[in-house]
4 protein chains.
Amino acid sequence: MERIGFIGLGVMGKPMARHLLAKGYTVVAYNRSRPAVDELVAAGAIGASSPADVARQATVVITMVPDTPDVEAVLVGDNGVLSTLGPGSVVIDMSSISPVATKRLAGLVAEKGSAMLDAPVSGGEIGAINATLSIMVGGDPAALARVRPVLECMGNPERIVHVGPEPGAGQICKICNQVAIGGALAGVSEAFALARKSGVDPARVRDALLGGFAASRVLEVHGERMLKRNYVPGFRSRLYQKDLRLAAEAAGASGVAMPATAVVGQMLNALIASGGAELDYSALATVLFELAGLDGDAPPAA
Amino acid sequence: MERIGFIGLGVMGKPMARHLLAKGYTVVAYNRSRPAVDELVAAGAIGASSPADVARQATVVITMVPDTPDVEAVLVGDNGVLSTLGPGSVVIDMSSISPVATKRLAGLVAEKGSAMLDAPVSGGEIGAINATLSIMVGGDPAALARVRPVLECMGNPERIVHVGPEPGAGQICKICNQVAIGGALAGVSEAFALARKSGVDPARVRDALLGGFAASRVLEVHGERMLKRNYVPGFRSRLYQKDLRLAAEAAGASGVAMPATAVVGQMLNALIASGGAELDYSALATVLFELAGLDGDAPPAA
Amino acid sequence: MERIGFIGLGVMGKPMARHLLAKGYTVVAYNRSRPAVDELVAAGAIGASSPADVARQATVVITMVPDTPDVEAVLVGDNGVLSTLGPGSVVIDMSSISPVATKRLAGLVAEKGSAMLDAPVSGGEIGAINATLSIMVGGDPAALARVRPVLECMGNPERIVHVGPEPGAGQICKICNQVAIGGALAGVSEAFALARKSGVDPARVRDALLGGFAASRVLEVHGERMLKRNYVPGFRSRLYQKDLRLAAEAAGASGVAMPATAVVGQMLNALIASGGAELDYSALATVLFELAGLDGDAPPAA
Amino acid sequence: MERIGFIGLGVMGKPMARHLLAKGYTVVAYNRSRPAVDELVAAGAIGASSPADVARQATVVITMVPDTPDVEAVLVGDNGVLSTLGPGSVVIDMSSISPVATKRLAGLVAEKGSAMLDAPVSGGEIGAINATLSIMVGGDPAALARVRPVLECMGNPERIVHVGPEPGAGQICKICNQVAIGGALAGVSEAFALARKSGVDPARVRDALLGGFAASRVLEVHGERMLKRNYVPGFRSRLYQKDLRLAAEAAGASGVAMPATAVVGQMLNALIASGGAELDYSALATVLFELAGLDGDAPPAA
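The numbering scheme is per chain: residues are counted from 1 as the chain's sequence reads. Here the convention is simple: chains get letters from A, ligands get numbers from 1, in the order in which they are written. Thresholds applied to this predicted model are a pLDDT of at least 70 for local features of residues and 80 or more for the giving and counting of side-chain atom pairs; totals over whole chains, interfaces and linings are not thresholded and use all residues.

A few words now on the overall build of chain A. The helix and strand labels rest on DSSP assignments: H or I over at least four residues marks a helix, E over at least two residues marks a strand, and numbering proceeds from the N terminus. Summing up its helical and strand segments, chain A has 13 helices and nine strands in all. Within these notes, the globule rule equals 2.2 Å times the number of residues to the 0.38 power, and the radius of gyration is based on C-alpha atoms. In terms of overall dimensions, chain A is globule-like: its C-alpha atoms have a radius of gyration of 20 Å, near the 19 Å expected for 302 residues. Here the C-alpha coordinates of chain A stretch approximately 65 × 45 × 35 Å along the principal axes. For chain A, with 302 residues in total, the buried portion stands at 64%. Across chain A, contacts joining residues at least 24 apart in sequence account for 65% of those joining residues at least 6 apart. To assign burial, the other C-beta atoms lying within 10 Å of each residue's own C-beta are counted, with C-beta atoms placed from the backbone; 20 or more indicates buried, 12 or fewer indicates exposed, and intermediate counts indicate partly exposed. This entry defines residue contacts through backbone-placed C-beta atoms, with two residues in contact when those atoms are within 7 Å.

As structure tokens, this is what we get:
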């Protein structure tokens, strides 16, 4: 049985690591701040003192940290995973980071005789807690086959998708997910702003639209949030801002024009400027409401 | 039983009028060009020589014409419906036109002692042929109750939605529908452009996304069209351009900012500039593909 | 000497017509509301009872009215100019209207054996009062040569530009003017928003930028307005909205993508939604300031 | 007399350092690749083996390197400037980099008892060669007063502007410059696209516009390039892309919505995707020309 190293025990990482313990895996855990490690040790994990210390004891190393520089630090920084990683291991980066950086890191892992998979997730805190995450995987299919049982402890088995063999394919897919959501979110927000400003009940509009080509999970779920002004996250705006920044970087790096997404990103900046960083990202609608001269104030998130 | 006047026997109007005949209604039909009238007369309708001639013989007058000036001409132009419309009638405009113009026209109909409903549809040619249209209705609920059986001959009874009592509410709802679709369409197009340019298979991306928050009818239906490069309409780009023009007009008239929709509208202009006016509107993706330096050429529609 | 018909005695038209009187021209004046006509008659003009009445008495007919339907009404409506216009006349439309409509109207004027020039202006009320307008002329160069002395009474002789022989070329040029201004206005507004939000004095930024490639009349004039929060028009936002609507229509009609202009148009909608319709269009900056969470409130115009 | 350390002898840095030598300054030079150092040593400079080696021998250290990570590496990396910088020195970063990173680095320099100025430039290669750069300076005014004679060797004395005392104010100003240019560039490009598609000569439009509110250096200089299809840089698109990336980062970091700039950035991505990375950034117009179905192909830069 694989010995799992787990680096990054935040809001997402902690419940994910617990699922691995619950399924009987040995988990060697590390986190920058110590209390999260202690908590996991109390639940049965082995505590580690550094990423290097994790890699020394594990055959599969999972990283779940906030952003590109964090993954870089954990893998190739001082006392990083690569300083001790044995050959024949698998590194699974489940963070959402730059696909360009992923490619570079995957190359460095390959030089150590190991494989790296990028495996970002969607589904949020609730998906992490319920082990129902969607997992979008890029990299060597054989490596994925080897660690699939591990991933199935954390995500919905039917929604662990091998996007492509190229390193970074998972990250690209995650970005595509956020881009597709962004377009839908803007469309629904602008539609509701127009309805409200025209004296038409957006709830009726939502009902009318749900049966046709405008139907979407966003209209259903986030549209309902907009109607109820319920912006308790869910998925925080500042995290979505990060994802759209990754999208903008990828678009710039590879030469893709994403004008609608770019506009969504700017509206999100406005949401955050108005104090909405910790609100659910569906609060994007409040920006459009305010631009229309409607009462757009989002309530504070709980 | 109501006597139905039907003005506008185009791609949509003709099958709609036929459904009314099939259900046993008397239909008095008019169209600017004569052959369409003759065809309907052969099917059992009474031919009329002008909109005024229609209104003289009908208790319910349906208009199904291309654009705002056409409805204006038919209702208030020379030999228009309002010149002969008796009191106690109902005018149902099923065209997709300006909500501002609708308000004005509804006022003029009211001065005649009759009611006007705006009842634009979605579902396209196929919906018209199969009598499965969605119908978004604005105006007096009593008038709707009266003509609901008539509408049910042409649309899906469960998807005849009373959006609001204000004249134009149906038109606003139709615009909201197109706006919500536009955002989704742009999101999916930009996502696929990024995937392709990054060497990732957009079909895999679509699969991965369909289970999560990015799921939408657009991702499902139009996303598949993009993958198969099947841009045989469906719904023609030039008609969608018209609808986005109505959206822009409504946004300007009522003071709503729709920046994402505005960007979608400009990409659509580019699609039409490249010869795509008669292609399905999902061909919007080809504009993004070309901007990314990918092979974006849409095949000619059949 | 030409006998000048002048239709449309508003904020712009009245001083323009007075300049013609001052240079000794016979002016036959018409306006929808009578007092403006009386005022001009008191200044030496001949009053007319309709556009037809104007055209009957004039060799050159100038129209200066708000929008496309107004020009259409004045020329081809009941008692319109075309009902009495003699052959060998020149119609000069100095309104800012749709280039597509202009083309159509020029054709109708040509059928009467006369010429139509489109000759929209820039320079605003002050330019009209000081006879320093810029005039952008489309149409037959011989007709322009004939009426140039007339135009020189109202505009800066060096800035009466023959844009092209095609009807509508002047209107296109006017739209281009507003589009170029819109881009510059958005650029300066966004730059100032960033500076302010970053704690940097936008006045210093303006100084630094005026010497380089970012230098523009907009940075100079409208940038200063933004710094002083002086939004007394100048050029009113609602008129600029009209011009951007014409731009959007032209873009749609001819198949041109104008994504930056489209975004500017939406920000302008937001300005108007916040009560800024009568403010100078440089108040566009207040929308960006508000989106950045800065104090963006524009003072009421005097 | 100050002893000047100069790090970064690229297209810009080399002529700038030569100007300092020409004015009699001692220059200690370092560049990552050695030949550039040798060249400068031949011209009278002292060669250094690392940034630390530079700082050991200089009282004023100038950095002129491509991007944020490069400045970070040079200042705080291994053998970086900060490892040997004496107290009472001045570091002048003339690169165009992130204002957020600048703030952090200025703090680290202050901890060494020295001052850091951010002093990005505009004016390009030609400005560097002719010592006519504009220099936008952020930071301590006393430090600026001290090094002003140094800066005056490289830039136009009248265009060395102290933007503000906060670290990063110069970088913000540089970004504002690029943002203002971007808006103007998009406006002119879209105007020319509309003119061309409408059959109107954009050269005439440019002439007509240069006298009014649409007048700008961009219309004059870059507008002429667009007319002549002369996209030999000038300022390369890929460098402008970098600057707009910095703008997007700053907007995200500080909470500012820049929708027009965001759209410009995406059009620039498209230009680069079509092979235009080394073309002058005025080639942005070719993207709009292509979107309009016009011949938009930019010629290869010399």
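What follows concerns the nonpolar core. We call a set of buried Ala, Val, Leu, Ile, Met, Phe, Trp, Tyr and Cys residues a nonpolar core when their C-beta atoms link them within 7 Å. One finds Leu194 of chain A, Leu194 of chain B, Leu194 of chain C together with Leu194 of chain D to be the most contacted residues of the largest nonpolar core, which totals 473 residues. Excluding residues that lie within four positions of it along the chain, Leu194 of chain C makes contacts with Ile172, Ile175, Cys176, Val179, Ala250, Ala251, Val256 and Met258 of chain D.

The copies were overlaid by least squares, fitting only the C-alpha atoms of residues that reach a pLDDT of 70 or more in each copy. Mapping chain B onto chain A leaves a residual RMSD of 0.0 Å; the transformation is a rotation of 180 degrees accompanied by 0.0 Å of translation along its axis. Seen this way, the second copy is the image of the first under a two-fold rotation axis. A symmetric contact is evident, with 100% of the interface residues of chain B recurring at the interface of chain A.

Before going further, it helps to examine the relation of the copies chain A and chain C. Relative to chain C, chain A is turned by 180 degrees and slid 0.0 Å along the rotation axis, the superposed coordinates differing by an RMSD of 0.0 Å. An overlap of 100% is found between the interface residues of chain A and their copies at the interface of chain C, pointing to a shared contact surface.

We now examine helix H8 (residues 169-197) of chain C. Residues and elements named next belong to chain C. Helix length check: H8 (29 residues) gives 42 Å between terminal C-alpha atoms against 42 Å at 1.5 Å per residue, within 8%. For H8, the buried fraction is high: 29 of the 29 residues fall into the buried class. Remark: Gly199 follows H8 within two positions and exhibits a positive phi of approximately 80 degrees. One less than the residue count of a helix, multiplied by 1.5 Å, gives the span that helix is expected to have.

Pro233 of chain B connects to Gly234 of chain B through a cis peptide bond whose omega is 10 degrees. By secondary structure assignment, the location of Gly234 of chain B is in the loop between helix H10 (217-228) and helix H11 (237-254). The phi angle at Asn79 of chain A is positive, at roughly 55 degrees, despite the residue not being glycine. On the neighbour-count criterion, Asn79 of chain A (15 C-beta atoms within 10 Å) is partly exposed. A positive phi angle, near 50 degrees, is found at Arg229 of chain A, a position not held by glycine. Following the sequence through the fold, Arg229 of chain A ends up in the loop between helix H10 (217-228) and helix H11 (237-254).

Moving on, we come to the confidence of the model for chain A. Where the model shows low pLDDT, its predicted coordinates should not be examined in detail. The predicted model of chain A averages 96 in pLDDT, with 98% of residues at 70 or higher. For this predicted complex, the interface confidence score (ipTM) comes to 0.96, while the overall pTM stands at 0.97. Confidence per residue, as judged by the predictor, is encoded in pLDDT with a range of 0 to 100.

The subject of this paragraph is the environment of Cys176 of chain A. Position of Cys176 of chain A among the secondary structure elements: in helix H8 (residues 169-197). For the pair Cys176 of chain A and Leu244 of chain A, spaced 68 residues apart in the sequence, the C-alpha separation amounts to 9.9 Å. Each residue touching Cys176 of chain A, except ones within four places of it in the same chain, is listed here: Ala191, Leu194, Ala195, Val205 and Leu209 of chain B.

Right, let's talk about the domain arrangement of chain A for a bit. Residues and elements named next belong to chain A. According to the domain assignment, chain A contains domain 1 (3-167) and domain 2 (173-291). Bear in mind that the domain bounds are from an automatic or database domain assignment. Relative placement of domain 1 and domain 2: their C-alpha centres are 30 Å apart. At the interface, ten residues of domain 1 touch eleven residues of domain 2. Under this grouping Gly is polar, as are all residues other than the nonpolar Ala, Val, Leu, Ile, Met, Phe, Trp, Tyr, Cys and Pro and the charged Asp, Glu, Lys and Arg. Residues of the side of domain 1 that touches domain 2, tallied by class, amount to five nonpolar, four polar and one charged.

The next subject is the interface of chain B and chain A. Note: interface size is frequently given as the accessible area lost on complex formation between the parts. Opposite the 66 residues of chain B that make contact, chain A presents 66 residues. Counting residues per element, the ones that place at least two in the side of chain B that touches chain A are strand E8 (133-138), strand E9 (155-164), helix H8 (169-197), helix H9 (202-210), H10, H11, helix H12 (259-273) and helix H13 (284-291) of chain B. Tallying contributions element by element places H8 of chain B first for the side of chain B that touches chain A, with 21 residues. In terms of residue class, the side of chain B that touches chain A is built from 41 nonpolar, 17 polar and eight charged.

As a further point, take the environment of Asp38 of chain B. All names here are of chain B. Looking at where Asp38 falls in the secondary structure, it is placed in helix H2 (residues 34-42). Look at Asp38 and you get partly exposed, because 15 C-beta atoms sit within 10 Å. Residues Asp38 and Ala48, ten residues apart in the sequence, show an inter-C-alpha distance of 10.0 Å.

This part covers the interface of chain A and chain C. Counting from both sides, the interface comprises eight residues of chain A and, opposite them, eight residues of chain C. Sorting elements by how many residues they give to the side of chain A that touches chain C places helix H12 (residues 259-273) of chain A first, with four residues.

The end-to-end C-alpha distance of helix H11 (residues 237-254) of chain D, which contains 18 residues, comes to 25 Å, matching closely the 26 Å that a straight helix rising 1.5 Å per residue would cover. All of the buried residues in H11 of chain D are Ser237, Tyr240, Gln241, Asp243, Leu244, Leu246, Ala247, Ala248, Ala250, Ala251, Gly252 and Ser254 of chain D. Summarising the contacts, the buried residues of H11 of chain D are in contact with H11 and H12 of chain A, H8 of chain C together with helix H5 (99-111), helix H8 (169-197) and helix H12 (259-273) of chain D. Two residues or fewer after H11 of chain D comes Gly255 of chain D, characterised by a positive phi angle close to 80 degrees.

Here we take up the pairing of strand E5 (residues 90-93) of chain C. Residues and elements named next belong to chain C. Here E5 shows two buried faces, one formed by Val90 and Ile92 and the other by Val91 and Asp93. Pairing between two strands requires that DSSP report at least two bridges joining them. Pairing analysis gives four bridges linking strand E4 (residues 60-63) to E5, with the strands arranged parallel. Across the sheet, residue Ile62 finds its bridge partner in E5, namely Ile92. Whether a crossover is right-handed comes down to one check: with the strands pointing away from the viewer, does the path from the first strand over the helix to the second run clockwise; if it does, it is right-handed. For the handedness criterion, the β-α-β arrangement of E4, helix H4 (residues 68-76) and E5 is classed as right-handed. In this fold, the crossover linking E5 to strand E6 (residues 115-118) by way of helix H5 (residues 99-111) has right-handed handedness.

All names here are of chain A. Among the ten residues in strand E9 (residues 155-164), seven count as buried, and that is most of the element. Pairing analysis gives five bridges linking strand E8 (residues 133-138) to E9, with the strands arranged parallel. Bridging across to E9, Ile135 finds its partner in Ile160. In the classification by handedness, the crossover that spans E8, the intervening helix H7 (residues 141-152) and the parallel E9 is right-handed.

Whenever a helix is involved, its axis is fitted only over the stretch in contact; in every case the axis is a line through C-alpha atoms, and angles between N-to-C directions fall within 0 to 180 degrees. Orientation of H12 of chain A relative to H12 of chain D, taken along the N-to-C sense of each, is 150 degrees, at an axis distance of 9 Å. When the axes of H12 of chain A and H12 of chain D are compared, the pair comes out roughly antiparallel. Of the two possible hands of crossing, H12 of chain A and H12 of chain D adopt the one that is right-handed. Counting all contacts with H12 of chain A, which are made through Pro259, Ala262, Val263, Gly265 and Gln266 of chain A, the residues of H12 of chain D involved are Pro259, Ala262, Val263, Gly265 and Gln266 of chain D. When its residues are assigned to classes, the contact of H12 of chain A with H12 of chain D shows six nonpolar, four polar and no charged. Angle categories: roughly parallel below 35 degrees, roughly antiparallel above 145, roughly perpendicular from 65 to 115, and oblique for all the rest. It is the rotation of the near helix from the far one that decides the hand of a crossing: anticlockwise by less than a right angle makes it left-handed, clockwise makes it right-handed.

With that settled, the discussion passes to the environment of Gly293 of chain C. Take Gly293 of chain C: it is sitting in the segment after helix H13 (284-291). Linking Gly293 of chain C and Ala193 of chain C, residues 100 residues apart in sequence, is a C-alpha distance of 9.5 Å. Setting aside residues up to four positions removed in sequence, Gly293 of chain C forms contacts with Ala273 and Ser274 of chain A together with Gly255 of chain D.

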